[in-house]
Amino acid sequence: MATDKVSAPYSRAIEVSGLHKSFGALEVLKGIDFSVGRGEVVCVIGPSGSGKSTLLRCVNLLEEPTAGKVTVAGTEVTHPDVDIDRVRRRIGMVFQSFNLFPHLTALENLTIAQRRVLRRDKTGADKVARANLARVGLSDKEDSYPAQLSGGQQQRVAIARALSMEPELMLFDEPTSALDPELVGDVLAVMRSLADEGMTMLVVTHEMSFAREVADRVVFMDGGVIVEEGSPERVVGDPQHERTRTFLARVLDPAAAEVGEVPDTGPSGKRVDR
Amino acid sequence: MSLSKRQRTRVIRGSQYALLAAIVAVVALVADWGQLRRAFFDVGIARELFPGILATALVNTVLYTLLGFGFGLVLGLILALMRLSSVPPYRWIAVTYIEFFRGVPALLVFIALGFGVPLAFEVALDQYVTVMLSLGLVGAAYMAETIRAGILAVPKGQTEAARSLGMSHGRAMVSIVIPQAFRIVLPPLTNELILLTKDSSLVYLLGLSLGQYELANFGRDALNEYKSLTPILVAGLLYLVITLPLGHLVRRLEARTAKAR
Ligand SMILES: Nc1ncnc2c1ncn2[C@@H]1O[C@H](COP(=O)(O)OP(=O)(O)OP(=O)(O)O)[C@@H](O)[C@H]1O
Ligand SMILES: [Mg+2]
């Protein structure tokens, strides 16, 4: 197929132009233009309902854009002939609600798509899975079911699951918003180490300290448009727009959570039931 | 009358007990216990029923039920997926099938397959196949609706996570959604198994050979032989031997599901 030149060279990991998305009569994205370079970490911030999740989900076509063009790792995903399953393998996604597969153990969560999609054999898939569980500090949890893990552990397994497909870029949709405050640090630490290793990341987050310390660029969205974007120092430190200032004043008011260190393998305690 | 509310309640309850005691006393005095015992539970007859009723009848009841359940489960899953299909004709076919087979008596389906098909098509279906088809066709209609509800009960995030890993729609269904759906519908499916156990007695219609007798047929046959209701009672008790543990299992499964929520 002409549209899945997997190894074609590309300069921009994500390129979005003229993106519109409506749900019925509700226009949620009103013309978005932006791009993410290879190895870049971009944080998207903005008030609830501004369309951040929708933008992220348009990148891997979990939502079908109403108009506009989205190109990911050299493949135009909005092209009618695209084999979206092939493109999605190269895009890791981490959800606010983890979405681990509850009927599978942590290890099986990491191997199922490797086996079924990439057709790796069990030995190979297990090896990749174990390496990624180790990477998020959860080697001792490979036989645990999601319900037996804390929220923070579940989210780290979810990150490891996405990494096991060896994606070229990662999308994060508020990965720490569903977590108890004391579990946020472990997840952010994993994300920070990923960024340090050069992973391309597009992160929707309310964690301003993470955005400030890890992001190469911050995008502020409101009402379905990008209001401003730039370096974290500029957007978070010295916002140009009134709407940005109002938003930041609100989210920065409570003492911002610290970005934690790389987690040890010890459990963080609390069990979280779905 | 100056009875307080509480006293009145007590009087009413007392008279209910009195009435019950009176009825029991009358029945005990009037009834011919010897006759009743001979009719319903003649130990001699009951003893003669064994082990045939276990080795043939009980085994066949279980076998027919499982054949029907297995076929119904597969067909029910296919129907559930058709019902959820984005292709409208598939949905129409599934809906029509489900409405039809839930609406007509199972008895009619047995007659159609047991007598109608062999006459109309001049084929002789194996009895076990007839039973499997008849029970399965009816069971599938109920199971399809149950399975569909189970599939819909799996959170949308599960499909999204699967698709975001590059799984196709079908692969996500097979590996992620359907296994979870079956966990959710395990209790109602077990209930369906109980209903099928009882419906398997309709096999009685088909005129089976001795070796193919299931509990109802066996009981009916022995009734003619012994002129006693004992075989019917024993057959009924043996149905309970199957259905009561299954019912207990359903409640355990339901409790487990409730706890996992
Ligand atoms: N599937 C859908 N159907 C209809 N409306 C939707 C759907 N998904 C999102 N919306 C609407 O689109 C708007 C933007 O939603 P979106 O989830 O993108 O916002 P967000 O910026 O991620 O907000 P939050 O910070 O609360 O997650 C909201 O008004 C939401 O109600
Ligand atoms: Mg959102």
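Above this text you will find the structure in question.
Residues numbered from 1 in each chain as written. Chains lettered and ligands numbered in written order. Predicted model: local features only at pLDDT ≥ 70, side-chain atom pairs only at ≥ 80, totals over all residues. Heavy atoms only, no water.

> Go over the interface of chain B and chain A, please, and point to the residues and values.
Across the contact, 19 residues belong to chain B and 22 residues belong to chain A. Note on chain B versus chain A: buried area summed over both sides is about 1800 Å², and carbon and sulfur give 58% of it. Inspection of the region where chain B meets chain A yields two salt bridges. Arg163 of chain B is the salt-bridge partner of Asp85 of chain A, the closest N and O atoms lying 3.2 Å from each other. Across the contact surface, chain B and chain A share five residue pairs in polar contact (both at pLDDT 80 or more). When contributions to the side of chain B that touches chain A are tallied by element, the ones reaching two or more residues are α8 (156-164) and α9 (169-184) of chain B. Considering every element that reaches the side of chain B that touches chain A, the biggest residue donor is α8 of chain B, with seven residues. (Contact = heavy atoms within 4.5 Å. Buried area = accessible area lost by both parts, 1.4 Å probe. Salt bridge = Lys/Arg side-chain N within 4 Å of Asp/Glu carboxyl O. Polar contact = N/O pair within 3.5 Å; in protein donor to acceptor, adjacent residues only side chain to side chain. Helix = DSSP H or I, 4+ residues; strand = E, 2+ residues; numbered from the N terminus.)

> Give a description of empty space enclosed by the protein that names residues and reports values.
The tally for this structure, following the rule as stated, stands at one cavity of 30 Å³ or more. Estimated volume of the largest cavity: approximately 30 Å³. If you go around the largest cavity, the residues you meet are Arg88, Arg89, Ile91, Gly92, Met93, Ala162, Met165 and Pro167 of chain A together with Ser164 and Leu165 of chain B. Top element by residues in the lining of the largest cavity is strand β6 (residues 91-94) of chain A. It accounts for three residues. (1 Å grid on protein atoms, 1.4 Å probe; cavity = no way out; pocket = protein on both sides within 12 Å on 5 of 7 lines; lining within 4 Å. Points joined across faces, edges and corners; volume = space filled by probe spheres on them.)

> Tell me about the nonpolar core, and please be specific about residues and values.
All names here are of chain B. Ranked by internal contacts, the top residues of the largest apolar core, which has 54 residues, are Ile53, Leu79, Tyr97, Phe101, Val203 and Leu215. Broken down by element, this core gets its largest block of residues, 10 residues, from helix α7 (residues 127-153). Setting aside its immediate chain neighbours within four residues, Leu215 contacts Ile53, Ala57, Leu58, Thr61, Ala235, Leu238 and Tyr239. (Core = buried A, V, L, I, M, F, W, Y, C linked by side-chain atoms within 4.5 Å. Buried < 20%, exposed > 50% of the residue type's maximum accessible area, 1.4 Å probe, protein only.)

> Describe the site of ligand 1, and please don't skip the residues or the numbers.
All names here are of chain A. In the region of ligand 1, 13 residues are neighbours, and Ser48, Gly49, Lys52, Ser53 and Thr54 sit closest. Between ligand 1 and Lys52, the relevant distance is 2.7 Å, taken from an oxygen atom to a side-chain nitrogen or oxygen of the residue. When isolated, ligand 1 has an accessible area of 630 Å², and the protein chains bury 60% of it. Residues that form the shell around ligand 1 fall into these classes: four nonpolar, seven polar and two charged. (Near = heavy atom within 4 Å. Areas by Shrake-Rupley, 256 points an atom, 1.4 Å probe, with all protein chains shown as cover. Nonpolar A, V, L, I, M, F, W, Y, C, P; charged D, E, K, R; others polar.)

> Describe in detail the pairing of strand β8 (residues 200-204) of chain A, supporting the description with residues and values.
Within a regular strand, the side chains alternate between the two sheet faces. All names here are of chain A. Taking burial as the measure, the five residues of β8 include five buried ones, the bulk of the element. The two faces of β8 match: Thr200, Leu202 and Val204 on one face and Met201 and Val203 on the other face are all buried. When strand β7 (residues 169-173) meets β8, the two strands line up parallel, connected through five bridges. Looking at β8, one finds that Leu169 is bridged to Thr200. (Pairing = 2+ DSSP bridges.)

> Got a sec to walk through the side chain of Asp126 of chain A? Specific residues and values, please.
All names here are of chain A. When you line up the elements, Asp126 lands in helix α4 (residues 122-135). Note on Asp126: relative accessible area 11%, which makes it buried. Residues in contact with Asp126, not counting those within four places in the same chain, are Leu107 and Thr111.

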